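Observations on the model geometry
One letter stands for each residue in the lines below.
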Amino acid sequence: MSKRVAGPEIERLIQLLAKVPGLGPRSARRAALHMIKKKDQLMVPLAGAMAEAVDKVRVCSTCGNVDTIDPCTICTDPRRDSTILIVVEDVSDLWALERAGTMNVRYHVLGGTLSPLDGIGPDQLNIKQLVARAAEGDVAEVILAVNATVEGQTTAHYLTDQLEGFEIKVTRLAHGVPVGGELDYLDEGTLAAALRSRTAF
Ligand SMILES: [Zn+2]
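Residues numbered from 1 in each chain as written. Predicted model: local features only at pLDDT ≥ 70, side-chain atom pairs only at ≥ 80, totals over all residues. Heavy atoms only, no water.

Below, the discussion takes up the pairing of strand β6 (residues 169-172). As judged from the four bridges shared by strand β5 (residues 141-144) and β6, these two strands associate in the parallel manner. Each residue of the ladder has a partner; that of Ile143, found in β6, is Thr171. In the classification by handedness, the crossover that spans β5, the intervening helix α7 (residues 150-162) and the parallel β6 is right-handed. (Pairing = 2+ DSSP bridges. Helix = DSSP H or I, 4+ residues; strand = E, 2+ residues; numbered from the N terminus. Right-handed = clockwise from strand over helix to strand, strands pointing away.)

Okay, the packing of helix α2 (residues 25-37) against helix α3 (residues 39-56) next. Contact pair α2 / α3: the axes reach a minimum separation of 6 Å and the direction vectors enclose 115°. Judged on the interaxial angle alone, α3 and α2 are roughly perpendicular. Contact residues: His34, Met35, Ile36 and Lys37 in α2; Lys39, Leu42, Met43 and Leu46 in α3. For the contact of α2 with α3, a count of residues per class yields five nonpolar, one polar and two charged. (Axes fitted to C-alpha atoms, helices over the stretch in contact; angles between N-to-C directions. Parallel < 35°, antiparallel > 145°, perpendicular 65-115°, else oblique. Contact = heavy atoms within 4.5 Å. Nonpolar A, V, L, I, M, F, W, Y, C, P; charged D, E, K, R; others polar.)

So, about the side chain of Glu11. Position of Glu11 relative to the elements: it lies in helix α1 (residues 8-17). If near-sequence neighbours (up to four positions away) are discounted, Glu11 is found in contact with Arg4, Val5 and Ala6.

It is worth spelling out the coordination of the zinc ion at this point. Listed as protein donors to the zinc ion are Cys60 (SG), Cys63 (SG), Cys72 (SG) and Cys75 (SG); their distances from the metal cover 2.3 Å. Considering all four donor atoms around the zinc ion, the spread of angles at the metal, 104 to 115°, places the coordination shape in the tetrahedral class. Each donor residue of the zinc ion lies on the same chain, and together they follow the pattern C-x2-C-x8-C-x2-C. Overall, Cys60 belongs to the buried group, its relative accessible area being 3%. (Donors = N, O, S within 2.8 Å, 3.2 Å for Na, K, Ca; no water. Tetrahedral: all angles 85-135°; square planar, octahedral: opposite > 155°, others 65-115°. Buried < 20%, exposed > 50% of the residue type's maximum accessible area, 1.4 Å probe, protein only.)

All right, on to unusual backbone geometry then. For the bond running from Asp70 to Pro71, omega is -5°, close enough to zero to count as cis. Among the structural elements, Pro71 can be located in the loop between β2 (66-67) and α4 (73-76).

One finds Val87, Leu110, Val142, Leu144 and Leu159 to be the most contacted residues of the largest nonpolar core, which totals 16 residues. When contributions to this core are tallied by element, the ones reaching two or more residues are β3 (81-88), α6 (128-135), β5 and α7. The residues touching Leu110, leaving out its near neighbours within four places in the chain, are Val87, Val88, Glu89, Leu125, Asn126, Ile127, Val146, Thr155 and Leu159. Counting 15 residues, the second-largest nonpolar core is a separate cluster that includes Cys63, Ile86, Val109 and Ile143. (Core = buried A, V, L, I, M, F, W, Y, C linked by side-chain atoms within 4.5 Å.)

Moving on: the environment of Cys75. Turning to its location among the elements, Cys75 is positioned in helix α4. According to the relative accessible area criterion, Cys75 is buried, its value standing at 16%. When the C-alpha positions of Cys75 and Pro122 are compared, they lie 23 Å apart, and in sequence the two are 47 residues distant. Not counting chain neighbours up to four residues away, the residues in contact with Cys75 comprise Cys60, Thr62, Cys63, Arg106 and Arg133.

Our focus in this paragraph is α6. Along α6, the residues that are buried comprise Leu130, Arg133 and Ala134. For α6, the angular spread of buried residues about the axis comes to 100°, placing them on one side. Summarising the contacts, the buried residues of α6 are in contact with α4, β3, β4 (105-109) and α7. Gly137 occupies a position one or two residues after α6 and carries a positive phi of about 95°. (Arc of directions from axis to C-beta.)

What follows concerns the packing of α1 against α2. Relative to each other, α1 and α2 sit at 130°, their axes nearing to 8 Å. Of the possible angle classes, the one that applies to α1 and α2 is oblique. When the axes of α1 and α2 are compared, the crossing they make is right-handed. Together, Ile10, Leu13, Ile14 and Leu17 of α1 and Pro25, Ala28, Arg29, Ala31, Ala32, Met35 and Ile36 of α2 make up the contact between the two elements. The residue makeup of the contact of α1 with α2, split by class, is 10 nonpolar, no polar and one charged. (Left-handed = near helix turned anticlockwise from the far one by under 90°.)

Nothing here speaks to function; it is geometry throughout.
Structural data, given as structure tokens:
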């Protein structure tokens, strides 16, 4: 067993911080020490913000986004085009697309991808609610912005089947050359996909 250098409260703080994505044990120790040193400026407000978030965070019953109100800020924003839905796997993807800032539309968060080997079937994802939204009749286009992985594409095919029969255009993100990318560095799969989804110049 490794030697302890701090009391159980600090050890526990480090252990919990080490579970945060992007932090390992080493970064967790640095973060804990930094917070302890900046107790009033950082640790106290952070503890307050976390307690408040624990109390207020909820999942939007319409789209699956996380927010402090239900329906969420995006679902209740009257300036957004409600005829277009972007389907994403996770809230982090929604945030990424919002950072890109190209479309002022609404979203649907699946909460993962179909993965039979891991026991994740359609019932484990937020798919029924997507079909229900499609059935309401306001949606004209569903953009499947799932990851370009095998699971992501399997999920996209399944969703396309589920949305058949509605008057809805189902599209997906283009696969290909990243902005600023050099062809020589791309893998063959990406290059082949780029050629297939070429567009008129
Ligand atoms: Zn929502």
